[in-house]
Amino acid sequence: MDAEAQESFREFVANRSSALLKTAVLLSGGDRHAGEDLLQNALIKAAGRWHRIDEPEAYVRQILYRQQISRWRLKRRGRELSVAEPPEPGAGGDAASADAELRLLMRGALARLTARQRTMLVLRYFEDLPEAEVARVLGCSVGTVRSTTHRSLARLRALAPELRSLGPSEDGRRPSRDYPPVEVRS
């Protein structure tokens, strides 16, 4: 890598690594260390081809997605991830503690999904990619994206039934509870 490409790569890492790390952490089930490893491996792969990359962020994100796919395919089935239960809610019930409680609840539920389910939800709702783009990224059909996303959301609701009260009800109306909006971000 020449000096100009090296400087361009350093600048990219300095400017975009925090956003890419958020995605990597979500893809790895909320495990920051695994997310850092995922991002580091993606950046190493991108550095080797830096002079040929037209859109660096899209290229690195594509590497992240594909590495995560490889990880879930290699993991053996039946392995469970242990997570701590969220702390009991405080008596004060202020907005900050409710927001923190919601994030812990969401992170715990996401961590209990399979890597494939978690990846689908991250791509669809955190990355806000359309179904066709998710299908292209993951190398599957749009129907597979739809069905897996549907099953993933159902599993997420089963793992954290408290989240049901935060979304629209069956008739499309929002509940009157004063909760912050549900976010998938960490």
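Parameters at a glance
- Within each chain, residue numbers correspond to sequence positions counted from 1 in written order.
- Selection of residues for local features in this predicted model requires a pLDDT of at least 70, selection of side-chain atom pairs for listing and counting requires 80 or more, and totals for whole chains, interfaces and linings are taken over all residues.
- Only heavy atoms go into the side-chain values, all of them from the structure, while hydrogens and water stay out.
- Side-chain rings of Phe, Tyr and Trp, where Trp is taken by its six-membered ring, are said to pair if the distance between their centres is within 6.5 Å; with planes under 30 degrees apart they count as stacked, over 60 as edge-to-face, and otherwise as tilted.
- Helix numbering and strand numbering both begin at the N terminus, where a helix is a DSSP run of H or I of at least 4 residues and a strand a DSSP run of E of at least 2.
- Remark: exposure states derive from per-residue accessible area (1.4 Å probe, protein chains only) relative to the maximum for the residue type, with buried under 20%, exposed over 50%, and partly exposed in between.
- Any Lys NZ or Arg CZ found within 6 Å of a ring centre and within 35 degrees of that ring's normal is scored as a charge over the ring.
- Take the number of residues in a helix, subtract one, and multiply by 1.5 Å to get its expected span.
- This arc is taken over the directions from the axis of the helix to the C-beta atoms.

Caption draft 1: Inspection of the packing of aromatic side chains at higher detail. Within this structure, the stated rule accounts for two aromatic pairs. A ring pair is formed by Phe9 and Trp50, whose centres lie 5.0 Å apart and whose planes are at 80°; its orientation type is edge-to-face. Of this pair, Phe9 sits in helix H1 (residues 3-27) while Trp50 sits in the loop between helix H2 (32-48) and helix H3 (56-74); the two residues are 41 residues apart in sequence, bridging distant segments of the chain. Here Phe9 matches Trp50 in class, with each residue buried. A centroid spacing of 5.3 Å and a plane angle of 45° characterise the contact between Phe12 and Trp50, whose relative ring orientation is tilted. You can see Phe12 sitting in helix H1 and its partner Trp50 sitting in the loop between H2 and H3, a full 38 residues away along the chain. Here a set of aromatic residues connected by ring pairs shows up, and it is made of Phe9, Phe12 and Trp50. Residue placement shows Arg124 over the ring face of Tyr125; its charged tip is 5.5 Å from the ring centre.

Caption draft 2: Just helix H7 (residues 142-159), in detail. For H7, with 18 residues, the first-to-last C-alpha span of 25 Å sits near the 26 Å given by 1.5 Å per residue. Taken as a whole, H7 has its buried residues at Val145, Thr148, Thr149, Ser152, Leu156 and Leu159. In a view along the axis of H7, the buried residues occupy a sector of 105°, so they form one face of it. Exposed residues on H7 whose side chains face more than 90 degrees from its buried face are His150 and Ala158.

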